[in-house]
Amino acid sequence: RVPRKVQALFRELARANMPVTVTTTVTTTVHPDGTVDQSTETSTMADGAAEAPSRILGMGNPLLDISAVVTPEYLAKYKLEANNQILAEEAHMPIYKEMVKEFDVEYIAGGATQNSIRVAQWMLGKPATAYIGCVGQDEFGKTLRAKAEEGGTVVEYLEDASTPTGTCAVLVTGTDRSLVANISAANNYKETHLAEVGWKHVQASDIFYISGFFLTVSPPSIIKVGKYAAETNKIFSMNLAAPFIMMVPPFREALLASLPYCDYLFGNETEYAEFAKQTGMKSEDLREIAKEIAAMPKENGARKRTVVITQGADHTIVAHDGVVAEYAITPLPKEKIIDTNGAGDAWVGGFLAALAKKKDVEQCSKAASFAASVIIQRSGCTYPEKCEYML
């Protein structure tokens, strides 16, 4: 007989259209005098509850992308090229508010790590991600928070009252994008916020992801989380982000200091080639570079490092425990490609989502390739309301 409490639970789950598994344990005890006692214990679990994904936490530089279709004349006004990325200088500062006034703009939560976390959340469906970074106390900051939280990601921003929210102007002309980034408040994240406010998210998470861009902001925060991950056998992952991270001595030193804690290291072929050059590796072969980095010293010996090298539309190279494998990218006709900006971020987001579901590297790479293929068929790092990919 099913207890009343369990019957009530059935009714609630039925209304939510959620199937359940019921386990009933009957214990029989025979006493010396021949009497018999029986006890029954019933437990229930919503189907899929045991498959709940691991929680992912991202830390990085949050930027509000302000995207609009503009004219070639407008690009010329600010001496911008049609397909380029630059950091904003003083002459570019008026462009952000000006775009809002003069064009039909679209706001998108941006920044490399935040893009990856949002894509991972989209792939997973159920709330399973959180993100930490710094914004200003302004309207752009409010808009960025709202956009970042749309898919279910928990956002824990440090708000800097003295500096405006970081923004990136995305000027669209035809199929070209000209990006003008103003890091601003994103550059002001403090380790004290991590310790006092963000640490609850660290403790609640199983996978950590940090882009190399954050090495320019708060290396102590990265080391703090890396040490925690090693001590608790949780997954710590990073991205090389850009060649300049390896080329600028302080940033390169911060990266090398973080590497011993790194279980998964992502990057593209250009970034890894620069890493090899700056660290004195003899080989220029990407497979050998991946294998050598994977074998570098680690703090957590319980996990072998996995090194992932993406190559755009070419095969992805993955090195782990002395073995190098290659995985194909989902082919896509050129006429379907609208915007490749954010494709690398989306790839990592798909990989992390599959990793959170405890998939193997091959399955993670397939999920990553799917995510990237969706994003490049849209403007900016955006995606449909629902993800059709089954993890």
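Everything that follows concerns the structure shown earlier in this document.
Scope of this entry: the structure provided in the associated data block. Just so you know, these numbers come straight off a predicted model, no measurement behind them.

**Structural notes on the overall build of the protein**
Counting its regular elements, the protein contains 13 helices and 16 strands. Across the 391 residues that make up the protein, the buried fraction comes to 49%. Of the contacts made within the protein by residues no fewer than 6 positions apart, 70% connect residues no fewer than 24 positions apart. Counting every atom, the protein has about 19200 Å² of accessible surface; 51% of that belongs to carbon and sulfur.

**Observations regarding the packing of aromatic side chains**
Here a ring pair, both rings aromatic, is described through the centre-centre distance and the interplanar angle of the planes. Tallied over the entire structure, the rule returns 17 aromatic pairs. Judged by centre distance (5.1 Å) and plane angle (20 degrees), the rings of Trp-122 and Tyr-383 are stacked. Linking Trp-122 in helix α4 (residues 112-124) with Tyr-383 in the segment after α13 (361-375), this pair joins segments that are 261 residues apart in sequence. Under the relative-accessibility criterion, Tyr-383 is labelled buried at 18%. Where Phe-213 meets Phe-244, the ring centres are 6.2 Å apart and the plane angle is 35 degrees; that geometry is what we call tilted. Taken together, the residues Phe-213 in the loop between β11 (207-211) and α7 (219-232) and Phe-244 in helix α8 (residues 243-247) connect sequence positions 31 residues apart. Take Phe-213: its relative accessible area is 29%, and that puts it in the partly exposed class. Connected via pairs of aromatic rings, a cluster forms that spans Tyr-209, Tyr-264, Phe-266, Trp-347 and Phe-351. Above the ring of Trp-199, the side-chain terminus of Lys-224 is found at 5.0 Å from the ring centroid.

Basis of the calculations
Residues numbered from 1 in each chain as written. Predicted model: local features only at pLDDT ≥ 70, side-chain atom pairs only at ≥ 80, totals over all residues. Heavy atoms only, no water. Helix = DSSP H or I, 4+ residues; strand = E, 2+ residues; numbered from the N terminus. Buried < 20%, exposed > 50% of the residue type's maximum accessible area, 1.4 Å probe, protein only. Contact = heavy atoms within 4.5 Å. Areas by Shrake-Rupley, 256 points an atom, 1.4 Å probe, with all protein chains shown as cover. Phe/Tyr/Trp six-rings, centres within 6.5 Å; stacked < 30°, edge-to-face > 60°. Lys NZ or Arg CZ within 6 Å of the ring centre and 35° of its normal.

Remember that the coordinates give geometry; whether it matters functionally is a separate question.
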